[in-house]
Amino acid sequence: MKKAFWNILKVSPVLALTLLTSNSAFAGEAKEQVTSVAQLSQESNSLGQVTSVSQFSDVQPTDWAFQALQSLVERYGCVAGYPSGTFRGNRALSRYEFAAGLNSCLDRVNELIATATADMVSKQDLATLQRLQEEYSTELATIRGQVDALEARTGELEANQFSTTTKLSGEAIFSVSQAFGDKVAVASGAPTKDLSSNSTFSDRVRLSLNSSFTGKDQLQTRLQGRNIASNKDTTGTNMTRLGYDGSENNAISIDKLNYAFSLSDKVRVKIDATGAELNENVNVFNPDFRSSGTGALSRYGRFSPIYRQAGDGAGITVNVTPNDKIALSAAYFAQGLKDGTNDRTSSSNPNVGNGLFNGDNTIFGQLAFKPNQAINIGLTYAHTYQRGITITDPADKSKTIDLKNSFFSSTGSSSANSPFGAGVAAESSNYGVQATLQPTKNITIGGWGGYTAASTLAGNSKSGEIWYWAGTLGIKDFGKEGNTLGLIFGQPPKLAGGKGITRDANTSYHIEGLYKIKLSDNILVTPGVLVILNPEHNDKNSNEYVGTLRTTFTF
């Protein structure tokens, strides 16, 4: 009833407006002769229904009853005009005319009321609802109890959740791999030892806790366990290494800890406490293959070796993006490299020759230029210092061990990584050019080239010149949507010349083919083959092959 009452109020202006427009008729009733029914019938036949007050030529917006007439015509549709297109508002209104107009408007009011109340609930509907409620009272009570229990459990979870600011993400790799070849590669001369290998099934697991305190920052704490042995121990060369190898016999450790935040919309800062990697801090211009878990299968195929200069150490990276076409990056790192199982230097060690500035370190800078969406170019420079280190032999305290330099973090030939032997302080200036071209949305062509000038800082003066290059091709949605075909060809770091050194005599070539198969959003299977021609840049070595099937789970 309440709804019907309000609907009547909505249409009640019709009555008032009808009476309002008839005021002039009542005023002139004493002077005018009453119109007969016959006259009214004849005259009404000449009237025409209108839909807008603007159709009346003799009605102006300045007329005192304009709004009332407009409402009757356009809102309720119960006022007619003359064929001449006039309303004749100043003409006297007879009782018959008033009765006809009022009846028309009341009919319209009844239509509106009937429409507005058609959907109202009847008493019969209410009775049916009450009966259903009584019949299903037991089920309704059960549902109410379940809802209450869910609310209680939700409240408990919210009160005891791990963190309001931390998200957990993970990656697990299953790797089946085997290296093949005739002889174990050597740096110079002819190899003599047969290459004997077996198929391996190994794994790597990473769990990352990503915390944000402001919504624009991120603290990353990553735990890692792995048991993927390096192929170097089998093949004799780092050129056959996988891009995700490393083994601590699945012992869990914090392998990465960093904090990133924005100084402004255009300046981003990242501080690495341990496990720093330039390839995670700046653009490496190899989008399809940069990731160790979902990118290239090989170590060299992931990105240019110039991005190995951070050495899993500690430091700071600043990225400045003044616009969408230019990006500037600068970084400083205290390296955390090893020679075998022995630490070269450590940023957390306060002893002489260690620490944040007294141990091995790198200064890095990069200019990235993107003239359009299809082309991306990077110009990179890094200056690296590695001190000469002699340590006590852990196996025999009466002996010492001279540690080797590692300019490319064990990527490329042994001569390129350590051109001056062991226990020698040295520095290097590294120059790199990287680029990607994306002619279509599914095809990415990339590549890099680099040159390193290295020299000793103590003892006999020595120098070395190291070159490397590679080209990549990635074809997305190849064979099936979500799959990617990858081809990589290049020359790993080679000691090509210098002073007081033994340069690499020949040239190795890196050939890699892989096919990333996306089984789901969380499972990626990647079979592939790696071929190294003339390993260690020595054509006396036989070619070596590595077949791999990597399955990556992300969650």
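Residues numbered from 1 in each chain as written. Predicted model: local features only at pLDDT ≥ 70, side-chain atom pairs only at ≥ 80, totals over all residues. Heavy atoms only, no water.

S.K.: So what's going on with the packing of helix 7 (residues 123-135) against helix 8 (residues 137-160)? Which residues, and what values?
M.R.: With their axes 4 Å apart at the nearest point, helix 7 and helix 8 run at an angle of 70° to one another. Taken together, helix 7 and helix 8 sit at an angle that is classed as roughly perpendicular. In this structure, helix 7 contributes Gln133, Glu134 and Glu135 to the contact, and helix 8 contributes Ser137, Glu139 and Leu140. Counted by class, the contact of helix 7 with helix 8 contains 1 nonpolar, 2 polar and 3 charged residues. (Axes fitted to C-alpha atoms, helices over the stretch in contact; angles between N-to-C directions. Helix = DSSP H or I, 4+ residues; strand = E, 2+ residues; numbered from the N terminus. Parallel < 35°, antiparallel > 145°, perpendicular 65-115°, else oblique. Contact = heavy atoms within 4.5 Å. Nonpolar A, V, L, I, M, F, W, Y, C, P; charged D, E, K, R; others polar.)

S.K.: Break down the pairing of strand 14 (residues 375-386) for me, citing the residues and quoting the values.
M.R.: Of the two faces of strand 14, the one lined by Asn376, Gly378, Thr380, Ala382, Thr384 and Gln386 is fully buried and the one lined by Ile375, Ile377, Leu379, Tyr381, His383 and Tyr385 carries no buried residue. Relative to strand 14, strand 13 (residues 361-372) runs antiparallel, the two being bridged by 10 bridges. Residue pairing in the sheet places Gln366 in a bridge with Thr380 of strand 14. Joining the antiparallel neighbours strand 13 and strand 14 is a turn of 2 residues. The sheet contact formed by strand 14 and strand 17 (residues 426-440) spans 12 bridges and is antiparallel. Counted as the bridge partner of Leu379 is Val433 from strand 17. (Buried < 20%, exposed > 50% of the residue type's maximum accessible area, 1.4 Å probe, protein only. Pairing = 2+ DSSP bridges.)

S.K.: Tell me about the pattern of salt bridges, and please be specific about residues and values.
M.R.: Applying the stated rule across the entire model yields 13 salt bridges. Put simply, Asp194 and Lys183 hold a salt bridge, and the shortest N to O gap is 2.6 Å. Taken as a pair, Asp194 in the loop between strand 3 (166-181) and strand 4 (200-211) and Lys183 in the loop between strand 3 and strand 4 lie far apart in primary sequence, 11 residues in all. On the accessibility criterion, Asp194 (51% relative accessible area) is exposed. Note on Lys183: relative accessible area 23%, which makes it partly exposed. Taking the shortest distance from any N to any O, the salt bridge between Lys518 and Asp521 comes out at 3.4 Å. (Salt bridge = Lys/Arg side-chain N within 4 Å of Asp/Glu carboxyl O.)

S.K.: Explain the packing of aromatic side chains to me, and be specific about the residues and the numbers.
M.R.: Evaluation of the coordinates by the stated rule reveals 14 aromatic pairs. Each ring, one from Phe174 and one from Phe553, has its centre 5.3 Å from the other, and the planes form 65°; the classification is edge-to-face. Within this pair, whereas Phe174 is found in strand 3, its partner Phe553 is found in strand 23 (residues 544-554), the two being separated by 379 residues in sequence. According to the relative accessible area criterion, Phe553 is partly exposed, its value standing at 27%. (Phe/Tyr/Trp six-rings, centres within 6.5 Å; stacked < 30°, edge-to-face > 60°.)

S.K.: Give me the lowdown on the environment of Val320, citing residues and values where you can.
M.R.: Tracing the sequence through the fold places Val320 in strand 9 (residues 314-320). Along the chain, Val320 and Val269 lie 51 residues apart, while their C-alpha atoms are 8.8 Å from each other. Dropping the residues within four chain positions of it, Val320 is found in contact with Lys266, Val267, Ile326, Ala327 and Leu328.

S.K.: With reference to specific residues and values, describe unusual backbone geometry.
M.R.: Its identity as a non-glycine residue notwithstanding, Asn249 has a phi of 55°, on the positive side. Examined against the element boundaries, Asn249 turns out to sit in the loop between strand 6 (246-247) and strand 7 (253-264). Residues other than glycine seldom take positive phi values, yet Ser410 does so here, at roughly 60°. One can find Ser410 in the loop between strand 16 (400-403) and helix 12 (414-417).

S.K.: Quick one: what's the story with the confidence of the model for the protein chain, residue by residue and with numbers?
M.R.: Per-residue confidence for the protein chain gives a mean pLDDT of 87, with 89% of residues at or over 70. Note that pLDDT drops below 50 for residues 1-46; the model gives that stretch 53 contacts with residues more than four away or on any other chain. (pLDDT = per-residue confidence, 0-100.)

S.K.: Please set out the pairing of strand 3 residue by residue, giving values where relevant.
M.R.: Direction of pairing for strand 3 relative to strand 4: antiparallel, over a ladder of 12 bridges. Across the sheet, Gly170 pairs through a bridge with Leu207, a residue of strand 4.

S.K.: Can you break down helix 5 (residues 66-76) residue by residue, with the values?
M.R.: Within the span of helix 5, buried status applies to Phe66, Ala68, Leu69, Ser71, Leu72, Val73 and Tyr76. Phi turns positive one or two residues past the end of helix 5, at Gly77, with a value near 65°.

S.K.: Could you give an account of the nonpolar core, naming the residues involved and the relevant values?
M.R.: For soluble globular proteins, the rule of thumb is that nonpolar side chains tend to be buried together. Ranked by internal contacts, the top residues of the largest apolar core, which has 28 residues, are Leu278, Tyr307, Phe364 and Phe420. For this core, the secondary structure elements donating two or more residues are strand 10 (326-334), strand 13, strand 18 (443-456) and strand 19 (463-476). Per-element accounting of this core gives the leading share, 3 residues, to strand 19. Residue contacts for Leu278: discarding those within four places in its chain leaves Ile306, Tyr307, Gln309, Ala310, Ala331, Phe333 and Phe364. Formed by 14 residues, the second largest nonpolar core is a distinct cluster that contains Met239, Ile488, Leu514 and Val546. (Core = buried A, V, L, I, M, F, W, Y, C linked by side-chain atoms within 4.5 Å.)

S.K.: I'd like a description of the side chain of Asp393, backed by residues and values.
M.R.: Here Asp393 is to be found in the loop between strand 15 (389-392) and strand 16. It is Lys399 that comes nearest to the buried, bridge-free Asp393 among opposite-charge side chains, at 6.0 Å. Polar side-chain contacts of Asp393 include one of 3.0 Å to the backbone nitrogen of Ala395. In contact with Asp393, other than residues within four places in its own chain, are Lys399, Thr400 and Ile401. (Lys, Arg positive; Asp, Glu negative; His and termini not counted. Polar contact = N/O pair within 3.5 Å; in protein donor to acceptor, adjacent residues only side chain to side chain.)

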